[in-house]
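Each chain is listed here by its residues.
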Amino acid sequence: MRAMRNAFLDSPGFIPYDPPLMPNPKRKLAKSWRGSRRSHDHVHVPNLSLCTRCNQPKQAHRVCGTCGYYKGEMIVDMKKL
Ligand SMILES: [Zn+2]
């Protein structure tokens, strides 16, 4: 098997092939750059307001998770859930 491989490498039609390098960053990013980029990578606690119908905390511009109402209109029937 080894002899066959050497015969292939020595054949006149064989052209050695250098695989192209993978795309990589040109230079190392400094810690400060990395930190600046990651400064927004954090989980934030959503601001809560009180539901006008049931007075339970809910996210603004979203259906209330307790009563299923939004702007005085029933969106989700919580009794059926
Ligand atoms: Zn509610």
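Higher on the page you've got the structure.
Reading the values: the criteria
Residues numbered from 1 in each chain as written. Predicted model: local features only at pLDDT ≥ 70, side-chain atom pairs only at ≥ 80, totals over all residues. Helix = DSSP H or I, 4+ residues; strand = E, 2+ residues; numbered from the N terminus. Rg over C-alpha atoms; globule rule 2.2 N^0.38 Å. Buried ≥ 20, exposed ≤ 12 C-beta atoms within 10 Å, placed from the backbone. Contact = placed C-beta atoms within 7 Å.

**A few points about the overall build of the protein**
Part 1: The secondary structure content of the protein amounts to two helices and four strands.
Part 2: Starting at the N terminus and walking to the C terminus, you meet the elements of the protein as α-α-β-β-β-β.
Part 3: For 81 residues, the compact-globule formula gives about 12 Å, and the C-alpha radius of gyration of the protein, at 32 Å, lies well above that figure.
Part 4: Here the C-alpha coordinates of the protein stretch approximately 85 × 40 × 20 Å along the principal axes.
Part 5: Considering the protein as a whole, with its 81 residues, one finds that 2% of them fall into the buried category.

**Some details on the environment of Asp10**
Part 1: Mapped onto the fold, Asp10 is located in helix α1 (residues 2–10).
Part 2: Measuring from C-alpha to C-alpha, the distance between Asp10 and Gly68 comes to 77 Å, with 58 residues separating the pair along the chain.

**Focus: the environment of Gln56**
Part 1: Mapped onto the elements of the fold, Gln56 is located in the loop between β1 (48–50) and β2 (57–59).
Part 2: Gln56 gets classed as exposed once you count the C-beta atoms within 10 Å, which come to 12.
Part 3: In this structure, the C-alpha to C-alpha distance between Gln56 and Leu29, residues 27 residues apart in sequence, is 47 Å.
Part 4: When sequence neighbours within four positions are dropped, the list of residues in contact with Gln56 reads Cys51, Cys64 and Thr66.

**Focus: unusual backbone geometry**
In most cases, non-glycine residues show a negative phi, while peptide bonds are predominantly trans.
Part 1: At Asn55, a position not held by glycine, the phi torsion is positive, near 60°.
Part 2: Positive phi, normally seen in glycine, also occurs at His61, with a value near 60°.
Part 3: Within the fold, His61 resides in the loop between β2 and β3 (69–70).
Part 4: Among the residues examined, His61 registers 8 C-beta atoms within 10 Å and is labelled exposed.

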